[in-house]
Amino acid sequence: MTPDIFRHLVAKASLAPSVHNVQPARWRLDGDTVLLCEDTSVRLPTADPKGQDAATSLGAAFEGLSLAASEKGLSARYETVSDQGAGNIRVVARLSFTNGASPDPLAAHVTARQSWRGAFATVAPTDRDAAMTLAASDCSVLTDPDAIAAVATLLDKASFKFMAQHDFRAELVSWMRLKRSHPDWAKNGLNADAMHLGWVERFGARFVMGPGFKPLNALGLAAPLLAETDKTKGAAGIIAFHRPYGEDLFDSGRAFYRAWLRMEAAGFGATVLAALKDDKDTASVLSGKARVPEGHHLLSAFRIGRRTSHQPVARARQSLEELIL
Ligand SMILES: Cc1cc2nc3c(=O)[nH]c(=O)nc-3n(C[C@H](O)[C@H](O)[C@H](O)COP(=O)(O)O)c2cc1C
């Protein structure tokens, strides 16, 4: 492992998804091995009190590094390290590498994958067929328009339950960058471009999520303003992502990223709909609708469809200097 290859691998790993784009993974080259660490200062105490989304995000980051390593002929393995950590940094795993790997086909889709939070192009029957090909041992696919409409309602209700909580909203807003002049616009969190907000929505979001929430909610207006019904109804498919009970969330995070890359490989833009699993009652309804198999539980959900633009959004990511310890 040379310092140059290491930097290349970390750069590719940084493209992995992470909850609220907090990017918890930090990396250190240690001889021929690499330490994967977590920056615990970017945990989400309200939305993720047990660190489950952080673990999923760290697994996705490892998978990103592993995919990039495969393109360099390296096979990456990890051993968990249980470390209490010093300050904000906790060692999560030690990675070792062996030669002789062939490029993983999903690695070719890492650069193009991004969250797509815009509306989808009109769904053609061939899109539904293509969505169905994504069905896998950990992905159940719904393409029936009535079923998708039902999920749209479930999602709006579940999201609103969280949005109605002041602390949840405040934490989310602290990771939102609604103005380009925000110092972290291009660094982390959710900027207005990534959220696909128009100019009026940018201004409106600040008000609805902030001081306007209470008065608007009293008038019954906050829920419809935050709803995403049409976007969800316009999806070619809903993917219920499920994994075996008891699986380490780090491994689930690896599979989560791979599932998303398969969607990208099939030409779909995708949005994560975490509220569908975060709200327990909703998760149980969706698990029934999507026929999540015995022994598995719902870990996430996506809406997928064809993008209306292939112009990529500039990514908000930390620099290598910040990611490498
Ligand atoms: C555990 C986890 C939960 C997520 N939940 C949501 C979500 O509820 N809504 C959403 O729009 N994106 C969600 N995302 C996607 C991230 O916000 C996204 O990956 C991050 O902002 C980086 O942007 P990118 O996907 O465009 O690279 C989630 C990602 C992870 C790993």
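This is a predicted model, so every value here is computed, not measured. As a convention, each chain's residues are numbered from 1 in the sequence order in which they are written. Per-residue local features are limited, in this predicted model, to residues with pLDDT of at least 70; the limit for side-chain atom pairs, both in listing and counting, is 80 or more; totals at the level of whole chains, interfaces and linings are taken over all residues. Just so you know, side-chain values use all the structure's heavy atoms and leave hydrogens and water out.

Draft legend 1. Focus on the overall build of the protein. Secondary structure follows DSSP: runs of H or I at least 4 residues long count as helices, runs of E at least 2 residues long count as strands, and numbering of each begins at the N terminus. Looking only at helices and strands, one finds 13 helices and ten strands in the protein. Dimensions of the protein along its principal axes, counting C-alpha atoms only, are 60 × 45 × 40 Å. Taking contacts inside the protein between residues at least 6 apart in sequence as the whole, the part at least 24 apart equals 76%. Methods summary: accessible areas were calculated by the Shrake-Rupley approach with a probe of 1.4 Å, and residue burial reflects only the protein chains presented. Of the roughly 15,100 Å² of accessible surface on the protein, 55% is carried by carbon and sulfur atoms. We call two residues contacting when some pair of their heavy atoms lies within 4.5 Å.

Draft legend 2. Here's a closer look at the packing of helix H1 (residues 3-13) against helix H2 (residues 52-71). Note on method: axes are straight lines fitted to C-alpha atoms, helices fitted across the in-contact stretch only, with angles between N-to-C directions ranging 0 to 180 degrees. One can describe the packing of H1 onto H2 by two numbers: an axis separation of 8 Å at closest approach and a directional angle of 130 degrees. Comparing the axis directions of H1 and H2 gives the class oblique. Crossing of H1 over H2 shows right-handed handedness. Two secondary-structure elements touch here, H1 through Leu 9, Val 10, Lys 12 and Ala 13 and H2 through Ala 61, Gly 64, Leu 65, Ala 68, Ala 69 and Glu 71. Each residue gets one of three labels, nonpolar for Ala, Val, Leu, Ile, Met, Phe, Trp, Tyr, Cys and Pro, charged for Asp, Glu, Lys and Arg, and polar for the others, Gly among them. Its residues assigned to classes, the contact of H1 with H2 comprises seven nonpolar, one polar and two charged. Any angle from 65 to 115 degrees is called roughly perpendicular, while one under 35 is roughly parallel, one over 145 is roughly antiparallel, and all others are oblique. Two helices crossing with the near one rotated counterclockwise from the far one by less than a right angle form a left-handed crossing, whereas a clockwise rotation gives a right-handed crossing.

Draft legend 3. Up close: unusual backbone geometry. Unlike most non-glycine residues, His 20 shows phi in positive territory, near 50 degrees. Mapping His 20 onto the fold places it in the loop between H1 and strand E1 (25-30). Relative accessible area decides the class of each residue, using a 1.4 Å probe on protein chains only: under 20% of the type maximum gives buried, over 50% gives exposed, and in between gives partly exposed. With relative accessibility at 16%, the residue His 20 sits in the buried group. For Arg 291, which is not glycine, the phi torsion reads 50 degrees and is therefore positive. Here Arg 291 is to be found in the loop between helix H12 (280-289) and strand E10 (296-305).

Draft legend 4. Layout of the site of the ligand. Taken together, 19 residues form the shell around the ligand, and within it Arg 113, Ser 115, Arg 117, Val 272 and Arg 317 come nearest. Here an oxygen atom of the ligand and a side-chain polar atom of Arg 113 are 2.8 Å apart. In this structure, Ala 274 approaches the ligand through a main-chain N or O atom, which is 3.2 Å from an oxygen atom. Protein contacts shield 85% of the accessible area of the ligand, which totals 620 Å² for the unbound molecule. Counting only elements with at least two residues in the shell around the ligand, the list comes to H2, helix H10 (249-265) and strand E9 (269-272). Taken together, the residues of the shell around the ligand sort by class into seven nonpolar, seven polar and five charged. Residues are counted as near a molecule or strand when any one of their heavy atoms sits within 4 Å of it. What qualifies as a polar contact is a pair of N or O atoms within 3.5 Å, subject to a donor-acceptor requirement within protein and to the restriction that residues adjacent in sequence count only when both atoms come from side chains.

Draft legend 5. Focus on the side chain of Arg 169. When you line up the elements, Arg 169 lands in helix H5 (residues 166-174). When charges are counted, Lys and Arg contribute as positive and Asp and Glu as negative, whereas His and the chain ends are disregarded. A side-chain nitrogen of Lys or Arg and a carboxyl oxygen of Asp or Glu constitute a salt bridge if their distance falls within 4 Å. Asp 167 provides the closest opposite charge to the buried, unpaired Arg 169, separated from it by 8.4 Å. A distance of 2.8 Å separates a polar side-chain atom of Arg 169 from the backbone oxygen of Met 163. Excluding its chain neighbours within four sequence positions, the residues that come into contact with Arg 169 are Met 163, Ala 164, Met 209 and Phe 213.

Draft legend 6. View of H10. Its 17 residues place the ends of H10 24 Å apart at the C-alpha level, agreeing with the 24 Å of an ideal helix rising 1.5 Å per residue. For H10, a buried count of twelve out of 17 residues is recorded, marking the element as mostly surrounded by other parts of the structure. Considered for burial, the residues of H10 that qualify are Leu 249, Phe 250, Ser 252, Gly 253, Ala 255, Phe 256, Tyr 257, Ala 259, Trp 260, Leu 261, Met 263 and Glu 264. With a side-chain oxygen positioned 2.9 Å from the backbone nitrogen of Phe 250, the residue opening H10 is Asp 248. Positioned one or two residues after H10, Gly 267 has a phi angle of 85 degrees, which is positive. Expected helix span is computed as 1.5 Å times (number of residues minus one).

Draft legend 7. Fine view of the sheet that holds strand E4 (residues 89-99). Across the sheet, which stays open at both edges, the four strands sit in the order E1-E2-E4-E3 with antiparallel pairing between neighbours. Whereas interior strands pair on both sides, the edge strands pair on one side only; in this sheet they are E1 and strand E3 (74-80). For this sheet, the mean angle separating the axes of adjacent strands, direction not counted, is 30 degrees. The rule for pairing is simple: two strands pair if DSSP sees at least two bridges between them. Relative to E4, strand E2 (residues 33-39) runs antiparallel, the two being bridged by six bridges. If you follow Cys 37 over to E4, its bridge partner there is Val 91.

Draft legend 8. Representation of the sheet that holds E9 in the model. The strand order across the open sheet formed by four strands is E5-E8-E10-E9, and the pairing between neighbours is antiparallel. The sheet is open, and its two edges are formed by strand E5 (139-142) and E9, each paired on a single side. Taking the axes of each pair of neighbouring strands and ignoring which way they run, one obtains an average angle of 30 degrees across the sheet. Pairing analysis gives four bridges linking E5 to strand E8 (residues 237-244), with the strands arranged antiparallel. Residue pairing for E8: Val 141 is matched across the bridge by Ile 239. The sheet contacts of H12 involve E5 and E10, and relative to E10 the element is tilted by about 75 degrees.

Draft legend 9. Region of the structure containing empty space enclosed by the protein. The definitions used throughout rest on a 1 Å grid laid over the protein atoms alone, on which a cavity is an enclosed set of points accommodating a 1.4 Å probe that cannot get out and a pocket is an open set flanked by protein within 12 Å on both sides along at least five of seven lines; lining residues are those having an atom within 4 Å of a point. Grid points are joined across faces, edges and corners, and a volume is the space filled by probe spheres set on the points. Taken as a whole and assessed by the stated rule, the structure comprises three cavities of 30 Å³ or more. Along the wall of the largest cavity there are 13 residues; nearest its centre are Ala 13, Ser 14, Gln 23, Ala 25 and Ala 61. Mapped by element, the contributors of at least two residues to the lining of the largest cavity are H1, E1 and H2. Along the lines of polarity and charge, the residues of the lining of the largest cavity split into nine nonpolar, four polar and no charged.

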